[in-house]
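If you want the building blocks of each chain, they are given just below.
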Amino acid sequence: MKVVIVGSGNVATVLGKKMKESGVDILQVISQTYTKALELGTALNVPATDNYGELNTGADIYLLAVTDNSIATVAAQLPELHSIVVHTAGSVSKDVLQGSFGQYGVIYPLQTLNRQISTIPEVPVMVDGNTEVVKETLKKFAKTWAEQVVVANDQQRLTTHVAAVIVNNFTNHLMALTEDFCMNEGIDFSLLFPLINQTVNSLGTMPAARLQTGPAERGDISIIDKHLQLLNRYPALRNLYLKLSESIIIHKRKNSMPDI
Ligand SMILES: NC(=O)c1ccc[n+]([C@@H]2O[C@H](COP(=O)([O-])OP(=O)(O)OC[C@H]3O[C@@H](n4cnc5c(N)ncnc54)[C@H](OP(=O)(O)O)[C@@H]3O)[C@@H](O)[C@H]2O)c1
C-alpha cells in the first residue's frame, strides 16, 4: 500500500515510523509547518512539503493525522482523490470526510502516542470505512503494521475513547499530582514504581475491582481522615482522594449487595 501522511505531530510521527518499519511505502509527508514536515520527512526518508498543490496523488491511502478540529479544513484543501482518505481521531465521526471524498474512513490508534518517546509502542487500532470494501481494505492495511486491528463504528470508537481517557489520561494525571506531592514532601516517587507496575501487570488476571486494596476498600474511615488531614495543603489531590475513596466505597457496597 502507498501512503501519504498529512500532519507531522505525535500520531503522524509514531505511526509513520511504525509503518515504515513494517515496510509500508510512504510516498510523502505534507504538513502546514514546513520545518516540521521536513523533520518527519527526513526521519522517514521521504519527500516533504507544506504545499497542498504539491500533494502526491498516487497514494492508496491518505492519513490525515491532524488535530480533531482541523480535519475538515485540511480535507477541504485536498484535491479530488480516488483513493481512501482517513482521519485518526477517536471522537470525530468518519462523516466529517463525507462531503470531500468518495472513499473515506478512520484509523484510530488506541495508544498514547508521543513523538518524543524513542521506542515505538504496541498499537491496537480501530478501523472504519464508508463502505464494506473500504473497511476491508483498511483492516488489511492496518494488519500489516498494527499489533491488533478491529472494525468499530463511530459510536464504538467514541465509547472506547472515553474509556481510554479514563484509564490512561486520568491515571497519568493522578501520577503527575502524586509526583509533585512526593517531591514537595521529600519522598522518592520512584519507590512507588513497583507498586504501579504490579497493579498494571495484574490486569486481566481477575476483574479490576478484585485487585482493589487500601483504606477505602477496607472501609477504614480513621485512616482516610488521617490522609485527608495530611492532604490539606494539596487541595486538588485531597479532592480527588475524597471523591475516589467515596467511589470505591460505593462500588464495593453495590457489588456486595445480596440479590433479592
Ligand atoms: N497523540 C495521541 O496519543 C493520539 C492517539 C489517538 C488518536 N489521536 C488523534 O490523532 C490526531 C492527531 O493527534 P496528535 O497527537 O498527532 O496531534 P499533534 O501532535 O498536536 O499534531 C497535530 C498536527 O495537526 C497539524 N495541524 C493543526 N492545526 C492544523 C490546521 N488548521 N491545518 C493543518 N494542519 C494542522 C499540526 O501542524 P503544526 O504542528 O504545524 O501546527 C500537527 O502536524 C487527533 O485527531 C487526535 O485526536 C491522538
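Residues numbered from 1 in each chain as written. Predicted model: local features only at pLDDT ≥ 70, side-chain atom pairs only at ≥ 80, totals over all residues. Heavy atoms only, no water.

Asker: Which residues make up the domain arrangement of the protein, and what are the values?
Answerer: Entries for the protein in the domain assignment read domain 1 (2-151) and domain 2 (159-255). One C-alpha centre belongs to domain 1, the other to domain 2, and the line joining them spans 36 Å. Each partner contributes to the interface: domain 1 provides 6 residues, whereas domain 2 provides 4 residues. There are 0 salt bridges connecting domain 1 and domain 2. Linking domain 1 with domain 2 are 1 residue pair in polar contact (both at pLDDT 80 or more), by the criterion used here. A per-class count over the side of domain 1 that touches domain 2 returns 3 nonpolar, 3 polar and no charged. (Domains from an automatic or database assignment. Contact = heavy atoms within 4.5 Å. Salt bridge = Lys/Arg side-chain N within 4 Å of Asp/Glu carboxyl O. Polar contact = N/O pair within 3.5 Å; in protein donor to acceptor, adjacent residues only side chain to side chain. Nonpolar A, V, L, I, M, F, W, Y, C, P; charged D, E, K, R; others polar.)

Asker: Before we move on, could you go through the site of the ligand and cite the residues and values that matter?
Answerer: Near the ligand, the surroundings consist of 23 residues, among which Val11, Gln32, Thr33, Asp68 and Leu113 are the closest. The contact in question runs from an oxygen atom of the ligand to an N or O atom on the backbone of asparagine 10, over 2.9 Å. One of the side-chain nitrogen or oxygen atoms of threonine 33 is found 2.3 Å away from an oxygen atom of the ligand. Relative to its unbound accessible area of 900 Å², the ligand is 76% covered by the protein chains. If you map the ligand onto the pockets, it falls in the second largest pocket. Of all the secondary structure elements, the ones that give two or more residues to the shell around the ligand are helix 1 (10-21) and strand 6 (103-109). (Near = heavy atom within 4 Å. Areas by Shrake-Rupley, 256 points an atom, 1.4 Å probe, with all protein chains shown as cover. 1 Å grid on protein atoms, 1.4 Å probe; cavity = no way out; pocket = protein on both sides within 12 Å on 5 of 7 lines; lining within 4 Å. Sits in = over half its atoms within 2 Å of the grid points. Helix = DSSP H or I, 4+ residues; strand = E, 2+ residues; numbered from the N terminus.)

Asker: Outline the nonpolar core, supporting the account with residue identities and numerical values.
Answerer: Soluble globular proteins tend to bury their nonpolar side chains together. Within the largest apolar cluster, 31 residues are counted, with the highest numbers of intra-cluster contacts made by Met19, Ile107, Val125 and Trp145. Of all the secondary-structure elements, those providing two or more residues to this core are strand 1 (2-6), helix 1, strand 2 (25-30), helix 2 (34-44), strand 4 (61-64), strand 5 (84-87), strand 7 (124-129) and helix 4 (132-143). Counting residues in hydrophobic clusters, the runner-up holds 21 residues, among them Leu64, Leu81, Val85 and Tyr104. (Core = buried A, V, L, I, M, F, W, Y, C linked by side-chain atoms within 4.5 Å. Buried < 20%, exposed > 50% of the residue type's maximum accessible area, 1.4 Å probe, protein only.)

Asker: Residues and numbers for the pairing of strand 8 (residues 148-151), please.
Answerer: Pairing analysis gives 4 bridges linking strand 7 to strand 8, with the strands arranged parallel. Counted as the bridge partner of methionine 126 is valine 150 from strand 8. Chirality of the crossover, the property in question, places the unit of strand 7, helix 4 and strand 8 among those that are right-handed. (Pairing = 2+ DSSP bridges. Right-handed = clockwise from strand over helix to strand, strands pointing away.)

Asker: For the packing of helix 5 (residues 154-185) against helix 9 (residues 235-255), give the residues involved together with the corresponding values.
Answerer: Direction vectors running N to C along helix 5 and helix 9 enclose 130°, while the axes themselves pass 11 Å from each other. When the interaxial angle is binned, helix 5 and helix 9 end up oblique. Seen from above, helix 5 lies across helix 9 with left-handed handedness. Each of His173, Leu174, Leu177, Thr178 and Phe181 in helix 5 lies in contact with helix 9, whose residues at this interface are Leu237, Leu240 and Leu244. In terms of residue class, the contact of helix 5 with helix 9 is made up of 6 nonpolar, 2 polar and no charged. (Axes fitted to C-alpha atoms, helices over the stretch in contact; angles between N-to-C directions. Parallel < 35°, antiparallel > 145°, perpendicular 65-115°, else oblique. Left-handed = near helix turned anticlockwise from the far one by under 90°.)

Asker: Please set out the sheet that holds strand 7 residue by residue, giving values where relevant.
Answerer: Spatially, 3-2-1-4-5-6-7-8 is the arrangement adopted by the 8 strands of the open sheet, whose pairing is mixed. Here the strands that pair on one side only, and so sit at the sheet edges, are strand 3 (48-49) and strand 8. Two strands pair when backbone bridges link them, and strand 1 and strand 4 are joined in this way by 4 bridges, in the parallel orientation. Its bridge partner being in strand 4, valine 3 is matched across the sheet by isoleucine 61. Along the sheet, helix 4 makes contact with strand 1, strand 4, strand 5, strand 6, strand 7 and strand 8, crossing strand 7 at roughly 160°.

Asker: With reference to specific residues and values, describe the environment of proline 235.
Answerer: Tracing the sequence through the fold places proline 235 in helix 9. Residue proline 235 is classed as exposed on the basis of its relative accessible area, which comes to 57%. Residues proline 235 and lysine 135, 100 residues apart in the sequence, show an inter-C-alpha distance of 48 Å.

Asker: Mind laying out the packing of aromatic side chains, listing which residues take part and the relevant values?
Answerer: One pass over the structure, following the stated rule, counts 3 aromatic pairs. Considering the side-chain rings of phenylalanine 141 and tryptophan 145, the 5.9 Å spacing of their centres and the 65° angle between planes classify their relative orientation as edge-to-face. Look at phenylalanine 181 and tyrosine 234: their rings are 4.9 Å apart centre to centre, the planes differ by 85°, and that puts the pair in the edge-to-face class. Of this pair, phenylalanine 181 sits in helix 5 while tyrosine 234 sits in the loop between helix 8 (221-230) and helix 9, and the two are 53 residues apart along the sequence. Phenylalanine 181 sits in the buried class, given a relative accessible area of 16%. (Phe/Tyr/Trp six-rings, centres within 6.5 Å; stacked < 30°, edge-to-face > 60°.)

Asker: Help me get a handle on the pattern of salt bridges, residues and values and all.
Answerer: Pairing of side chains with opposite charge becomes possible as their charged atoms draw close. Tallied over the entire structure, the rule returns 6 salt bridges. Close ionic contact of glutamate 132 with lysine 135 constitutes a salt bridge, the shortest N to O distance being 3.2 Å. Of the two residues, glutamate 132 and lysine 135 are both situated in helix 4; the distance of 3 residues between them amounts to about one turn of the helix. Linking aspartate 154 and arginine 157 is a salt bridge whose minimum nitrogen-to-oxygen distance equals 3.1 Å. Note that aspartate 154 and arginine 157 are positioned in helix 5 at a spacing of 3 residues, about one turn of the helix.

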